[in-house]
Amino acid sequence: MECDSKTLKKINQKRDKNSTKGDFGKILIIGGSQDYIGAPDLACNAALSILRTGSDWATVVAPKKVAWAINNLSPDIITKKIDCKFFTSKNTSEIIEFSNRFDTILIGPGLGDKKETLLFCNQVLTQIKQPKIIDADAIKSVQIQDISNSIITANKRELSILIDNSDLDISKIEDIQPFIGNNIIISKGSIDIIISDKKIAYNKTGNPGMTVAGTGDVLAGIITGFVSQNNSLFDSSCAGTYLCGTIGDQLFKEFGNGFLASDFIDKIPAYLKV
């Protein structure tokens, strides 16, 4: 199966005129570390990408200084400020309780990979029941067997860590299918591979200019937005990779390899008009 414009059309439906705030998603983004200087930008890109898909609400929960920096970057993003420099297991119960207000969770942008933070991620991911999008350093915290109802958006290095942590012996990423449960794996590369327990899809949009820092956070945000609007994990993954790559190809025409991750965000709505 190949991701194409039909994939995108499938998840992009007209809305009832009587819709109210919250009908199209309330998302919590767990991210940020005071030690990671780029954290506010990464979390901000993810949140704005979510909002540009048409989701109603994006809240970032982050260490206090990171959260204030995000507020300075955009007035459209709500933040929950946690009194810490980076997340540890001391924050687990507070974050899990706070997450109950939201229907979809994105975890990873700008978190960092301190041992204490990865322990926090593991605790959160194995206890939260809502659909989860697991990105960046958060991928390093889990075994595939211990999570459910999740999308893992991983590059080659992150996949290798996940496979090692899960104690799997596979020769190619498609071989993970029998172990995947109700999760989705997105293997990011020149051709993105989207794997569920029953289906495998391939996305061929995109270009090498998308190696620029932050595009992964935009992709995670787009997919999270689609999931929050009551689309399946698999359809959201296929549509998100196709859309992100298509925008990347348009940006390449405009800028060559000199485009930025933030350039993606304002182009999202044009591809989602119905």
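Residues numbered from 1 in each chain as written. Predicted model: local features only at pLDDT ≥ 70, side-chain atom pairs only at ≥ 80, totals over all residues. Heavy atoms only, no water.

**Digging into the pattern of salt bridges**
Then comes step 1: This model, assessed by the stated rule, comprises 10 salt bridges.
Then comes step 2: The residue Asp266 makes a salt bridge to Arg52 at a minimum N-O spacing of 3.0 Å. Pair noted here: Asp266 is in the segment after helix H8 (233–255) and Arg52 is in helix H2 (residues 39–52), with a separation of 214 residues, a long-range link.
Then comes step 3: Taking the relative accessible area as the measure of exposure, Arg52 reaches 39% and is therefore partly exposed.
Then comes step 4: Salt-bridge contacts for Asp137 lead to Lys140; the nearest nitrogen and oxygen are separated by 2.8 Å.
Then comes step 5: Take Asp137: its relative accessible area is 16%, and that puts it in the buried class.
Then comes step 6: Taking the relative accessible area as the measure of exposure, Lys140 reaches 13% and is therefore buried.
Then comes step 7: When salt bridges that share partners are traced, they join Asp113, Asp137 and Lys140 into one network. (Salt bridge = Lys/Arg side-chain N within 4 Å of Asp/Glu carboxyl O. Helix = DSSP H or I, 4+ residues; strand = E, 2+ residues; numbered from the N terminus. Buried < 20%, exposed > 50% of the residue type's maximum accessible area, 1.4 Å probe, protein only.)

**Considerations on the environment of Gln229**
Then comes step 1: By the element assignment, Gln229 lies in the loop between helix H7 (215–228) and H8.
Then comes step 2: Each residue touching Gln229, except ones within four places of it in the same chain, is listed here: Arg15, Phe24, Thr53, Gly54 and Ser55. (Contact = heavy atoms within 4.5 Å.)

**Here we look at the layout of surface pockets**
Then comes step 1: Each pocket or cavity is described by its volume, and for the largest pocket that value is around 860 Å³.
Then comes step 2: Elements supplying a minimum of two residues to the lining of the largest pocket: H2, H7 and H8.
Then comes step 3: Each residue belonging to the lining of the largest pocket can be placed in one class, and the counts come to 14 nonpolar, 17 polar and 7 charged.
Then comes step 4: In this structure, the second largest pocket encloses a volume near 200 Å³. (1 Å grid on protein atoms, 1.4 Å probe; cavity = no way out; pocket = protein on both sides within 12 Å on 5 of 7 lines; lining within 4 Å. Points joined across faces, edges and corners; volume = space filled by probe spheres on them. Nonpolar A, V, L, I, M, F, W, Y, C, P; charged D, E, K, R; others polar.)

**Comments concerning the pairing of strand S5 (residues 132–135)**
Then comes step 1: Neither face of S5 is exposed, since Lys132 and Ile134 on one face and Ile133 and Asp135 on the opposite face are all buried.
Then comes step 2: Between strand S4 (residues 104–107) and its parallel partner S5, the chain crosses via helix H5 (residues 115–127), and the hand of that crossover is right-handed.
Then comes step 3: Two strands pair when backbone bridges link them, and S5 and strand S6 (residues 150–154) are joined in this way by 4 bridges, in the parallel orientation. When the sheet's bridge partners are listed, Asp135 is paired in S6 with Thr153. (Right-handed = clockwise from strand over helix to strand, strands pointing away. Pairing = 2+ DSSP bridges.)

**Concerning the packing of aromatic side chains**
Then comes step 1: Counted under the stated rule, the structure contains 3 aromatic pairs.
Then comes step 2: Ring geometry for Phe87 and Phe120: centres 4.9 Å apart, planes at 15°, overall stacked. Of the two residues, Phe87 is situated in the loop between strand S3 (78–82) and helix H4 (92–99) and Phe120 in helix H5; the sequence distance between them amounts to 33 residues. Note on accessibility: Phe87 and Phe120 belong to one class, buried.
Then comes step 3: A cation over an aromatic ring shows up here: Arg15 above the ring of Phe24, its NZ or CZ 3.7 Å from the ring centre.
Then comes step 4: In this arrangement the basic side chain of Lys80 is found over the ring face of Phe98, its NZ or CZ atom lying 5.3 Å from the centre. (Phe/Tyr/Trp six-rings, centres within 6.5 Å; stacked < 30°, edge-to-face > 60°. Lys NZ or Arg CZ within 6 Å of the ring centre and 35° of its normal.)

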